[in-house]
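# Fold and contact review
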Amino acid sequence: MLSMSFLFYTCGKKGAEVHAPGDDVATSPEKDAQIQQYNLAVKQSQGGNNNPYDTLALASYVLANFPSGSYLMSIDKTTTYSLPRPAVLYSQQSDGMYVFAVIAKSRSTERLIEKKNIVGYNQSFIDLDSTKLGTAFFFLTLFKCENNSFTKIWESVIPDHGGFSFMALDKWAYNGTPFVKVEFYYARGIGHIDYNYFLVNGLKELPHLLMTYKGIDFQRNIANVNNDKYPDYYEYLIYNTNDRIYVKDSIAFVWNVKDSVYVNTRNHRQTRPY
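## A few points about the side chain of Glu-110
- Note on placement: Glu-110 falls in the loop between β4 (96–106) and β5 (136–146).
- Within the local environment of Glu-110, its side chain forms a polar contact with the side chain of Arg-107, the two groups lying 3.0 Å apart.

Written out as structure tokens, the structure is:
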């Protein structure tokens, strides 16, 4: 079972980030990598005694080992003047330290993404015109901290392209299964979408994805319907009329292990991948 204790490794003061005036960095992976390397070097030099597993080290690892245009994400700022915190969760296990991280990758056929375009409430509109700003592919990735570096254990796609909010570690109330919640804003629906990664087979195996959401007239909640190890959910039928919004009904969906889909318990022909 995954320990629920987790730590945050941060390092150094805010470094002055360097950009190249007049250069179209978004279309030059080489220039982008040079700027990233310089900014990381400045932050590391200002940090004093750097931990080989801190967030700056992880950002450097992503830069060196992931495709061009890949970035360790930061969660949305809680206030105007607060500094963005890296989207990471550290967890100490009996065999060492592990870290969950949200990483965004650029589509190779488009311009490089910029983190400022894919984090925050207003940035959830990017799906309407993503190609002009580059298309982001998000991944929840698990690393193990070992030998003064990182080893990638697994990565699981996050089926969203913009409006990243935050990540958190939680437990399923039914049986205590730990899961990582990655939340995205959904401004068009005045709400949010949560991608919940349940560690049903332990920390080192690929997690099970269940999507939930809540907005002005839509809602889906985690539930236990058939008492197995996989989470189920209730989809709510909400009516939005001229004078009120109210819940009319709820429908249970359960996980079908054989077909790897969620199945409507009232209409088995209706399925959902997550």
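## Looking at the environment of Phe-198
- Residue placement: Phe-198 occurs in strand β9 (residues 191–198).
- With relative accessibility at 0%, the residue Phe-198 sits in the buried group.
- Phe-198 has contacts with Trp-172, Thr-177, Pro-178, Phe-179, Pro-207, His-208, Leu-210, Ile-222 and Pro-231, leaving out every residue within four places of it along the chain.

## Overview of the packing of aromatic side chains
- Applying the stated criterion to the full structure yields 21 aromatic pairs.
- The interplanar angle of 40° and the centroid separation of 6.3 Å between the aromatic rings of Tyr-230 and Trp-255 together place this pair among those described as tilted. You can see Tyr-230 sitting in the loop between β11 (219–223) and β12 (232–240) and its partner Trp-255 sitting in strand β13 (residues 245–256), a full 25 residues away along the chain. For the pair Tyr-230 and Trp-255, a shared accessibility class is recorded, and that class is buried.
- A network of ring pairs unites the aromatic residues Tyr-53, Tyr-61, Phe-66, Phe-143 and Phe-150 as a single cluster.
- Over the ring of Tyr-233 we find Arg-220; its NZ or CZ atom is 3.8 Å from the centre of that ring.

## Remarks on the pattern of salt bridges
- Applying the stated criterion across every chain yields a total of 10 salt bridges.
- A salt bridge links Lys-204 to Asp-95; the shortest N-O distance between them is 3.0 Å. With Lys-204 in the loop between β9 and β10 (208–214) and Asp-95 in the loop between β3 (88–93) and β4, the pair connects residues that are 109 residues apart, well separated along the chain.
- Taking relative accessible area as the criterion, Asp-95 reaches 34% and is therefore assigned partly exposed.
- Here Lys-105 and Glu-155 are joined by a salt bridge, their closest N and O atoms 3.2 Å apart.

## Structural notes on the sheet that holds β11
- Taking strand neighbours across the sheet as the criterion, the nine strands line up as β7-β8-β9-β10-β11-β12-β13-β14-β15 in an open arrangement whose pairing is antiparallel. With one partner strand each, in any of the chains shown, β7 (164–171) and β15 (271–272) form the two edges of the open sheet.
- Examined bridge by bridge, β7 and strand β8 (residues 178–186) share seven bridges and lie antiparallel to one another. Across the sheet, residue Leu-169 finds its bridge partner in β8, namely Val-180.

## Looking at a nonpolar patch on the surface
- A contiguous nonpolar surface patch, about 360 Å² in accessible area, is contributed by Tyr-121, Ile-190, Ile-216 and Ile-245.
- Look at Ile-216 and you get partly exposed, because its relative accessible area is 42%.

## A short note on the nonpolar core
- Among the nonpolar cores identified, the biggest contains 35 residues, and Phe-100, Val-102, Phe-138, Leu-140, Phe-164 and Val-182 are the most heavily contacted of them.
- Broken down by secondary-structure element, the contributors of at least two residues to this core are β4, β5, β6 (149–158), β7, β8, β9 and β10.
- Ala-57, Ala-59, Leu-63 and Phe-66 belong to the second largest nonpolar core, which has 20 residues in total.

## Focus: helix α1 (residues 29–46)
- Between the first and last C-alpha of α1 there are 26 Å, a value that for 18 residues agrees with the 26 Å anticipated at 1.5 Å per step.
- Where α1 is concerned, the buried positions are Asp-32, Ile-35, Gln-36, Asn-39, Leu-40 and Val-42. Buried residues along α1 cover an arc of 155° about the axis, so they all sit on one side. In α1, the exposed residues that point more than 90 degrees away from the buried face are Glu-30, Gln-34 and Ser-45.

## Observations regarding the pairing of β8
- Between β7 and β8, which pair antiparallel one after the other, the connecting turn spans six residues, and Gly-176 there sits at a positive phi close to 80°.
- Pairing geometry for β8 and β9, over eight bridges, is antiparallel. Note on β9: the bridge partner recorded for Val-180 is Tyr-197.
- In sequence, β8 turns back onto β9 through a hairpin of four residues, with Ile-190 there showing a positive phi of about 50°.

## Considering helix α2 (residues 55–65)
- Of all 11 residues making up α2, eight are buried, and the element is well covered by its neighbours.
- Listed in full, the buried residues belonging to α2 are Thr-55, Leu-56, Ala-57, Leu-58, Ala-59, Tyr-61, Val-62 and Leu-63.
- On its buried side, α2 packs onto α1, β2 (70–72), β3, β4, β5 and β6.
- Here α2 starts with a cap whose side-chain oxygen sits 3.2 Å from the backbone nitrogen of Leu-56, and that cap is Asp-54.

Calculation rules
- Residues numbered from 1 in each chain as written.
- Predicted model: local features only at pLDDT ≥ 70, side-chain atom pairs only at ≥ 80, totals over all residues.
- Heavy atoms only, no water.
- Helix = DSSP H or I, 4+ residues; strand = E, 2+ residues; numbered from the N terminus.
- Polar contact = N/O pair within 3.5 Å; in protein donor to acceptor, adjacent residues only side chain to side chain.
- Buried < 20%, exposed > 50% of the residue type's maximum accessible area, 1.4 Å probe, protein only.
- Contact = heavy atoms within 4.5 Å.
- Phe/Tyr/Trp six-rings, centres within 6.5 Å; stacked < 30°, edge-to-face > 60°.
- Lys NZ or Arg CZ within 6 Å of the ring centre and 35° of its normal.
- Salt bridge = Lys/Arg side-chain N within 4 Å of Asp/Glu carboxyl O.
- Pairing = 2+ DSSP bridges.
- Patch = residues over 30% accessible without salt bridge, like charges linked within 9 Å, V, L, I, M, F, W, Y side chains within 5 Å.
- Areas by Shrake-Rupley, 256 points an atom, 1.4 Å probe, with all protein chains shown as cover.
- Core = buried A, V, L, I, M, F, W, Y, C linked by side-chain atoms within 4.5 Å.
- Expected span 1.5 Å × (residues − 1).
- Arc of directions from axis to C-beta.

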